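# Structural characterization, general
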Amino acid sequence: ELLERVKKGGGENAILRHTQRNKKLFVRERLRLLLDDGDFLELSPLAGLDMPYGDVPAAGCLTGIGKICGLWCVFIASDATVKGGTIYPIGVKKQLRAQEIAMENRLLSVHLVDSGGAFLPLQSELFPDKLHGGRIFYNEAIMSAMGIPQVAVVCGSCVAGGAYVPTMAEESVIIDKIGTLFLAGPPLVKAATGEDVSPEDLGGARLHSQVSGCTDHFAPSEEEAYECIRNVVSTLNCEPVPEEDGDHESPLYSPEELLGLAPLDYGCTLPVKLILSRLVDGSRFQEFKATYGTTLVTGFGHVEGHLVGIVANNGELAHDAALKGSHFVLLCGQRGIPILFFQNTAPQPAGPASISQAHSNRLKAQASMMAAVACAAVPKITVVVGGCFGSDSYVMCGRSFSPNFLFLWPNARVALVDSRHFPTVPPAGDWTGEELELKQLKAKNVFVCFICNFFSLLCCFYCAFKPVLFSALSRLEEESSAFYSSSRLWDDGIILPQDTRKV
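This report concerns the structure included in the present document. Quick caveat: nothing in here was measured; it's all calculated off a predicted structure. (Residues numbered from 1 in each chain as written. Predicted model: local features only at pLDDT ≥ 70, side-chain atom pairs only at ≥ 80, totals over all residues. Heavy atoms only, no water.)

### Focus: the overall build of the protein chain
Per the secondary structure count, the protein chain includes 18 helices and 16 strands. In the protein chain, buried positions account for 48% of the 503 residues. In the protein chain, of all internal contacts separated by at least 6 residues, the share reaching a separation of at least 24 is 73%. (Helix = DSSP H or I, 4+ residues; strand = E, 2+ residues; numbered from the N terminus. Buried < 20%, exposed > 50% of the residue type's maximum accessible area, 1.4 Å probe, protein only. Contact = heavy atoms within 4.5 Å.)

Structure (structure tokens):
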């Protein structure tokens, strides 16, 4: 339901204005014309929902990975039906993440620019810091120096900072009548100089393709613009990735069954081997240290013909499990084998035994595994299929350990602590020991008044802070959900369990 809502961009009325009044193609139609067979992996589609400054569906731009003329590429396509293409802080973050993916994987980058510039009321969250809007242009320069091609289509208004994106690309196309490029639009020119000027005269397609030279190709229509970009891509002299044999062995158990296996309550730990048997080719899994450190499952398998190392936890990582994980990750790094991490933790409340020598040993072992994961110079993909709390997020290659991609199942939970074990103050009615002590003191007539007043004060404190505790608990519950995470780009998107193998 949420994905269908996001696919409508700014809503049906906004799409009608965009396509009928402004005579532009909807962003998803643009991608259909641009990409081979129109199929692509969309990244972070739920970004921007329920933000403090309101809904910004898909963060105002579509990003993802697809193919153009057989070449894998990362695309960043503005959706002008969302807030008129205005850039919000979450939109900047989404574009930066797409550029990061392009740099990590050395993929062609394609920009479809239709932007109204930054949302000025939030300029302090958009402009001044290192990872704000200016970083987009810095990344373009760095990617060019790395030899990563970048092309752009000016398919709408490119105002202020948005004007630099196509200008810094290696080749750019501008579309007649709808494509404009300027640092300040006609209203600002009027305010500053009193001069009336049309968008076309100020920064239209003919001006920039014939006079300023800011763009390299002139296209009379959108369809011709995307055909032109495809022709440009065909001349980049990049070797397409060889076509793989599509006849990979399917799992013995259908991946469609994963939807039914995904637990509704993240408090339940799904045996991870049930997941693996529906993901790896032929359901064949060569397990490593099968009987040691059993809360962590490690081993090798093939996914769509690719050999991968698999690290999946079946609960909290104990000392033995963390040592086993360190060993296996080092093996994968030594052999150059990509690693798939499946985060699947349902922690138990800490008991007296946790403050022990065993706990200290586990801490040391987990630190060793963190170091192994951080230093493994192989591709890493993380999927959160259940709960993931505290240090397990680091050990199992969470966002802060920079996996190449991180996806969540809809039931996933990610938080510093599990909300079910959030510290609470016991109700006054449970203070049986203290009440008994109070009766004894009363009987002895020792400091009776003082003790009574003391416990009355404690009761008052509990009554006063009880709403705060419940508020904190409900907030933690909300903030640990997969949808809260994805809307803030703490991951690369929520995927349906049955699509895990395909993604």
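There's plenty left to go through after this.
### Looking at the side chain of Gln95
Take Gln95: it is sitting in helix α4 (residues 89-105). Looking at Gln95, the relative accessible area reads 12%, which means it is buried. When sequence neighbours within four positions are dropped, the list of residues in contact with Gln95 reads Cys61, Ile76, Ile87 and Ile136.

### Description of the nonpolar core
In this structure, Val110, Leu112 and Val153 are the most contacted members of the largest nonpolar core, which totals 41 residues. Breaking this core down by element, the ones donating at least two residues are α3 (27-34), β2 (61-68), β3 (71-78), β4 (108-115), β5 (150-159), β6 (171-175), α10 (222-234) and β15 (405-408). Among the elements that make up this core, the one with the highest residue count is α10 (six residues). Residue contributions to this core reach at least three from each of two domains, namely domain 1 (1-236) and domain 2 (255-351 + 360-420 + 479-499). Formed by 32 residues, the second largest nonpolar core is a distinct cluster that contains Leu279, Val308, Ala312 and Phe405. (Core = buried A, V, L, I, M, F, W, Y, C linked by side-chain atoms within 4.5 Å. Domains from an automatic or database assignment.)

### Points about the pairing of β15
Alternating positions in β15 separate into two faces, Phe405 and Phe407 on one and Leu406 and Leu408 on the other, with burial throughout. Here strand β13 (residues 380-384) runs beside β15; their pairing, made up of four bridges, is parallel. Paired with Val384 across the strands is Leu408, a residue of β15. (Pairing = 2+ DSSP bridges.)

### Considering the pattern of salt bridges
According to the stated counting rule, one finds 20 salt bridges in the structure shown. Among the ionic pairs, Lys24 bridges to Asp114, the shortest N-O distance being 3.2 Å. Of this pair, Lys24 sits in the loop between α2 (12-21) and α3 while Asp114 sits in strand β4; the two residues are 90 residues apart in sequence, bridging distant segments of the chain. Overall, the relative accessible area of 3% leaves Asp114 in the buried class. A salt bridge links Glu249 to Arg284; its shortest N-O distance comes to 2.7 Å. (Salt bridge = Lys/Arg side-chain N within 4 Å of Asp/Glu carboxyl O.)

### Considering the packing of α3 against α10
At their nearest, the axes of α3 and α10 sit 9 Å apart, and the two run at 45° to each other. Relative to α10, α3 is oriented oblique. As for the relative orientation of α3 and α10, their crossing is right-handed in sense. Each of Arg30, Leu33 and Leu34 in α3 lies in contact with α10, whose residues at this interface are Glu222, Glu223, Tyr226, Ile229 and Arg230. (Axes fitted to C-alpha atoms, helices over the stretch in contact; angles between N-to-C directions. Parallel < 35°, antiparallel > 145°, perpendicular 65-115°, else oblique. Left-handed = near helix turned anticlockwise from the far one by under 90°.)

### A few points about helix α13 (residues 319-335)
An ideal rise of 1.5 Å per residue puts 24 Å on 17 residues; α13 measures up with 25 Å between its terminal C-alpha atoms. Downstream of α13 by a residue or two, Gly336 has a phi angle that is positive, lying close to 70°. (Expected span 1.5 Å × (residues − 1).)

### Details of a nonpolar patch on the surface
Together, Tyr164, Met168 and Leu183 make up an exposed nonpolar region whose accessible area comes to about 280 Å². With respect to the helices and strands, the residue Leu183 is situated in the loop between β7 (180-182) and α7 (186-193). (Patch = residues over 30% accessible without salt bridge, like charges linked within 9 Å, V, L, I, M, F, W, Y side chains within 5 Å. Areas by Shrake-Rupley, 256 points an atom, 1.4 Å probe, with all protein chains shown as cover.)

### Notes on the environment of Glu104
When you line up the elements, Glu104 lands in helix α4. Overall, Glu104 belongs to the partly exposed group, its relative accessible area being 35%. Residues Glu104 and Asn404 lie 300 residues apart in sequence; the distance between their C-alpha atoms is 7.6 Å.

### What to know about the sheet that holds β15
With mixed pairing, six strands are arranged side by side in an open sheet as β9-β10-β11-β12-β13-β15. A single partner strand is all that each edge strand has here, and the edge strands are β9 (286-288) and β15. Strand-to-strand twist of the sheet, defined as the mean angle between neighbouring strand axes without regard to direction, takes the value 20°. Pairing of β9 with strand β10 (residues 296-303), which is carried by three bridges, proceeds in the antiparallel orientation. When the sheet's bridge partners are listed, Glu287 is paired in β10 with Gly299. Packing against the sheet, α13 makes contact with β9, β10, β11 (306-313) and β12 (339-343), and its axis sits at approximately 30° to β10.

### Points about the pairing of β11
Most of β11 is tucked away: six of the eight residues are buried. Bridge count between β10 and β11: eight bridges; the pairing is antiparallel. When the sheet's bridge partners are listed, Val297 is paired in β11 with Ala312. Between β10 and β11, which pair antiparallel and follow one another directly, the connecting turn spans two residues, one of which, Glu304, has a positive phi of 55°. With α13 bridging β11 and its parallel neighbour β12, the resulting β-α-β unit is right-handed. (Right-handed = clockwise from strand over helix to strand, strands pointing away.)

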